[in-house]
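Below, each chain spelled out in residue letters.
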Amino acid sequence: MRLSETNMHVSESRELFTPMQKYQLLVYHADALFHDKEYRNAACKFTMALQQKKALSKTSKVRPSTGSSAASQQAQSIPSEIEVRYKIAECYTILKLDKDAISILDGIPSRQRTPKINMMLGNLYKKAGQERSAVTSYKEVLRQCPLALDAAIGLLSLSVKGAEVASMTMDVMQSIPNLDWLSVWIKAHAFIHSGDNMRAINTICSLEKKSLLRDNVDLLISLADLYFRAGDNKNAILKFEQAQMLDPYVIKGMDVYGYLLARECHLDDVEVLGGRLFNISDQHAEPWVISGCHSFYSKRYSRALYLGAKAIQLNSNSVQALLLKGAALRNMGRVQEAIIHFREAMRLAPSRLDCYEGNIREAMGMANNVYKNLGANAQTLTILATVCLEDPMTQEKAKTLLDKALAQRPDYIKAVVKKAELLNREQKYDEGITLLRNALANQSDCVLHRMLGDFLVAVSDYQEAMDQYSIALSLDPNDQKSLEGMQKMEKEESPTEATAEEDVDDMEGSGEEGDLEGSDSEAAQWADQVQWFGMQ
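Residues numbered from 1 in each chain as written. Predicted model: local features only at pLDDT ≥ 70, side-chain atom pairs only at ≥ 80, totals over all residues. Heavy atoms only, no water.

### Topic: the overall build of the chain
From N to C terminus, the chain includes 30 helices and zero strands. Pairs at least 24 residues apart make up 52% of the contacts formed inside the chain by residues separated by at least 6 positions. Approximately 27700 Å² of the chain is accessible, and the part contributed by carbon and sulfur atoms is 50%. (Helix = DSSP H or I, 4+ residues; strand = E, 2+ residues; numbered from the N terminus. Contact = heavy atoms within 4.5 Å. Areas by Shrake-Rupley, 256 points an atom, 1.4 Å probe, with all protein chains shown as cover.)

### Things to note about the UniProt feature "repeat: TPR" (unreviewed entry) in the chain
The feature "repeat: TPR" (unreviewed entry), as given by UniProt, occupies residues 217–250, 319–352 and 446–479 in the numbering adopted here. The span residues 217–250 shows a helical share of 79% and a strand share of 0%, and its end C-alpha atoms are spaced 8 Å apart. Helix makes up 79% of residues 446–479 and strand makes up 0%, while its end C-alpha atoms are separated by 8 Å. (UniProt positions renumbered as here; feature names shortened; annotations may be inferred.)

### Quick notes on the pattern of salt bridges
Enumeration over the complete set of coordinates arrives at 18 salt bridges. For D98, the salt bridge is made with K127, and the minimal N-O distance between the two is 3.3 Å. Of this pair, D98 sits in helix α6 (residues 98–106) while K127 sits in helix α7 (residues 115–127), placing them 29 residues apart in sequence. Assessed through its relative accessible area of 18%, D98 is described here as buried. Note on K127: relative accessible area 33%, which makes it partly exposed. Between D403 and K419 there is a salt bridge, and its shortest N-O distance comes to 2.8 Å. With D403 in helix α25 (residues 395–408) and K419 in helix α26 (residues 413–425), this pair connects stretches of sequence that are 16 residues apart. (Salt bridge = Lys/Arg side-chain N within 4 Å of Asp/Glu carboxyl O. Buried < 20%, exposed > 50% of the residue type's maximum accessible area, 1.4 Å probe, protein only.)

### Some details on the environment of D476
As for its position among the elements, D476 is in the loop between α29 (462–475) and α30 (480–510). Residue classification places D476 among the buried residues on the basis of a relative accessible area of 10%. The sequence separation of D476 and C446 amounts to 30 residues, and the corresponding C-alpha distance is 6.4 Å. When near neighbours in sequence (up to four residues on either side) are disregarded, D476 contacts C265 and C446.

### Points about the packing of helix α15 (residues 233–246) against helix α16 (residues 254–263)
The geometry of α15 relative to α16 is characterised by a closest axis approach of 10 Å and an angle of 130 degrees between their N-to-C directions. In terms of orientation, α15 lies oblique with respect to α16. When you trace α15 past α16, the crossing you get is left-handed. Every residue of α16 that contacts α15 at N233, A236, I237, F240, E241 and Q244 is listed here: M254, V256, Y257, L260 and L261. (Axes fitted to C-alpha atoms, helices over the stretch in contact; angles between N-to-C directions. Parallel < 35°, antiparallel > 145°, perpendicular 65-115°, else oblique. Left-handed = near helix turned anticlockwise from the far one by under 90°.)

### A word on the nonpolar core
Ranked by size, the top nonpolar core spans 112 residues in total, and within it F46, L105, V165, W185, F240 and M254 carry the most contacts. If you tally residues by element for this core, the top one is helix α14 (residues 217–229), at nine residues. The next biggest cluster of nonpolar side chains, apart from the first, holds 39 residues, and it includes A378, L384, V416 and V447. (Core = buried A, V, L, I, M, F, W, Y, C linked by side-chain atoms within 4.5 Å.)

### Comments concerning unusual backbone geometry
Phi is positive for K299, which is not a glycine, with a value near 65 degrees. Structurally, the position occupied by K299 is in the loop between α18 (285–297) and α19 (301–314).

### A short note on the packing of aromatic side chains
Considering all chains together, one arrives at seven aromatic pairs under this definition. Both rings, one in F34 and one in Y39, keep their centres 5.3 Å apart while their planes meet at 75 degrees; by these two values the pair is edge-to-face. Here F34 matches Y39 in class, with each residue buried. Here F240 and Y257 contribute two aromatic rings whose centre-to-centre distance is 5.5 Å and whose plane-to-plane angle is 35 degrees, an arrangement assigned as tilted. On the criterion of sequence distance, the pair formed by F240 in helix α15 and Y257 in helix α16 is long-range, its members being 17 residues apart. Judged on exposure class, the residue F240 and its partner Y257 are both buried. Members of the aromatic cluster, joined through ring pairs, are F296, Y297 and Y301. Between K53 and the ring centre of Y23, over which it is positioned, the NZ or CZ distance is 6.0 Å. Here the guanidinium or amino end of K310 rests over the ring plane of W288, the centre of that ring lying 5.4 Å away. (Phe/Tyr/Trp six-rings, centres within 6.5 Å; stacked < 30°, edge-to-face > 60°. Lys NZ or Arg CZ within 6 Å of the ring centre and 35° of its normal.)

Right, dumping it as structure tokens:
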């Protein structure tokens, strides 16, 4: 007999069951509905079970105990009222009824709250902006479970000092062997949440060298994400690949990995990655985001929008899904809707620069928020400079900011690109060539090679310009601007070569020497500014 049919019989034949059995049946029915994803119905049945439990409590106070051992065992096996309240809160959370979830959990006395209840409360309070209550809940989790790393991360994300969080785990570190890594782990995550990506990278790298945490997938994913935030896409991809090799079923962080592959124009790899993750689970946001990135970079923005929306439906806290949907909306001309999604991404991840980058169109106010939240580093200086470049009155300020950024990180591609754009505007082609050559000395990037080609055309060095365009196309065969630059040069060179051949024939006949060089071509017009921030 199905549980739904059993429930119908409960209402028709109440005398068949004791009050305790009615309570149990309601809970079992609600559990079944929950697993069938009928969350609203499940919450209703769990609530009915609570009402039955209250009636049962009143009855048990009036009736004396029978002393039956069977009855005692039955009482111990039934779900507790606290557990039922937690399940109701789970339903409300899934239904995005956060206030109702907080209300049902607040009804549980503090002393009776289990770690998982305090953890859920902490997350709900944090989402609602009630930071003080969230901190209290997370601390209570750590008090009961000193190794609850999610609670430690929750506290660090709310600006609780790393030293204070570490002190709450001190006793367990001293009592359990081989936990010396924990304090370093907390230190690393404190750097992460303060936006100090480079110190976080160095700290996690030191952890990775320890034998106990070598080849730890979670640590590798964190390291890959940090490299991504620091703008070091090459090392980010390397660490994601390493994590994937160690655990082919890993899902966490793969949305960022897919995005990076898509940006590098490895769309076949993105498609394979998305398909593999869908085979693992389609109930996570990551595979939907990866497929969305594939669609976005294939310029199928409507499909990317749908896939991004689906990912957000599965996980409303997915920053990458919000950025994907925002970028798709922006490219479809729905800018105001896009800004809403970029703002939500910023709220969820204030230390992630790419969240601000997607919203660069809000200009100086947004750039100042970046600077305030993340401090002065190569990335924030570059995004400030990008805003200044939009205004002819602030070009000098942009130059100063870019010089500071490149002083910190001479290899930071975004800063190099913006500085090259500024030098091109000022027609300082020789300086631009020097800048780009230095940047390409230790790395190879399609855009840098293409820009160097443009600069070389401007100084009439056509042969090397052609070489640079060829290198750019070898790195990204779909780079339209490199292809256009090469085709334009070929068209300009063709008549020149024909004229040169005629001149050679004339000279052979006359015996006179002549100038075999073709006339200078006009400098190639600078391509439209490429948006280097966020999805593009």
